[in-house]
Amino acid sequence: MDKMQLHESIINNSQVTFARSGGKGGQNVNKVNTKVCLQLPLSVIEGITEEERTRLRTKLSAIINSEDCLYINVDDERFQEMNRKIALSRIENRIIQALVIPKKRKPTKPTKASKERKLKLKKIRAEIKKNRGRILFN
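My aim in this report is to walk through the structure given alongside it, one point at a time. Along each chain, residue indices are assigned from 1 in the same order as the chain's sequence is written. It should be noted that, the model being predicted, local features are given only for residues of pLDDT at least 70 and side-chain atom pairs only at 80 or more, the latter also being counted only at that level, while totals for whole chains, interfaces and linings use all residues. Heavy atoms from the whole structure form the basis of all side-chain values; hydrogens and water molecules are not counted.

Turning our eyes to something else, we now look at the overall build of the protein. Secondary structure is summarised from DSSP: a helix means a run of H or I of at least four residues, a strand means a run of E of at least two, and numbering begins at the N terminus for each. For the protein, the helix and strand inventory stands at 4 helices and 3 strands. The order of α-helices and β-strands along the protein, N terminus first, is α-β-β-α-β-α-α. Our radius of gyration looks at C-alpha atoms and nothing else; its globule reference is 2.2 Å times the residue count to the power 0.38. The C-alpha radius of gyration computed for the protein amounts to 28 Å, which surpasses the reference 14 Å derived for 138 residues by more than 25%, pointing to a less compact arrangement than a globule. Each of the three principal axes of the protein carries a C-alpha extent, and together these read 90 × 45 × 25 Å. Burial classes: relative accessible area under 20% of the type maximum marks a residue as buried, over 50% as exposed, and values in between as partly exposed (1.4 Å probe, protein chains only). Evaluated residue by residue, the protein yields a buried proportion of 27% over its 138 residues. Only heavy atoms matter for contacts: two residues are in contact if any of them lie within 4.5 Å across the pair. When contacts within the protein are restricted to residue pairs at least 6 apart in sequence, long-range pairs at least 24 apart make up 64% of them. For the protein, the computed accessible surface area is about 10,700 Å², with 52% contributed by carbon and sulfur atoms. Of the side-chain charges in the protein, 31 are positive and 15 negative, and the distance between the mean point of each set is 19 Å. Per-residue and other accessible areas follow the Shrake-Rupley method at a 1.4 Å probe size, with only the shown protein chains counted as cover for residues. By the counting rule applied here, Lys and Arg register as positive and Asp and Glu as negative, while His and the ends of each chain are not counted. Every charge is mapped onto a representative atom, which is NZ of Lys, CZ of Arg, CG of Asp or CD of Glu.

Our next topic: the pattern of salt bridges. Should their charged atoms come close, side chains of opposite charge can pair. Take a side-chain nitrogen of Lys or Arg and a carboxyl oxygen of Asp or Glu: if they are within 4 Å of each other, that pair is a salt bridge. Within this structure, the stated rule accounts for 4 salt bridges. In this structure, D68 and R57 form a salt bridge, with 2.9 Å as the shortest nitrogen-oxygen distance. Here D68 is found in the loop between α2 (50-59) and β3 (69-74), whereas its partner R57 is found in helix α2, with 11 residues between them in sequence. D68 gets classed as partly exposed once you look at its relative accessible area, which sits at 25%. A salt bridge links K130 to E127; its shortest N-O distance comes to 3.9 Å. Of the two residues, K130 and E127 are both situated in helix α4 (residues 112-130); the distance of 3 residues between them amounts to about one turn of the helix. K130 sits in the exposed class, given a relative accessible area of 60%. Classification of E127 by relative accessible area gives partly exposed; the value is 39%.

So far we have only geometry, and geometry alone does not tell us how the molecule works.
Written as structure tokens, this is what we have:
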């Protein structure tokens, strides 16, 4: 994955539409289209392989619509341009995070010292519980 090529591809190929958004802004909300709806077709994303593209389809299935496009809405700010920048950065971050392959876990066994510590603590605990019984006076 080439991050610079991916960044340029997202900026050049994303389709941005604007709508009226709710939230803060008072009466301005009813007049100005500040909500950003960003669509990015998976087929035009450059800088990723076909294998990574299929990985994106599985990982980001929640934000992929029926036309095989990544879809995101942003109405966090009162300004259209700020919402547009947020949408572009969010979609780029989601793509990058989805393409990260987690390392495989190597199973390990407990050491001899840790086994002994565990047994020692169990014996101490058993002794504490045993001493909770009734004390008999002769």
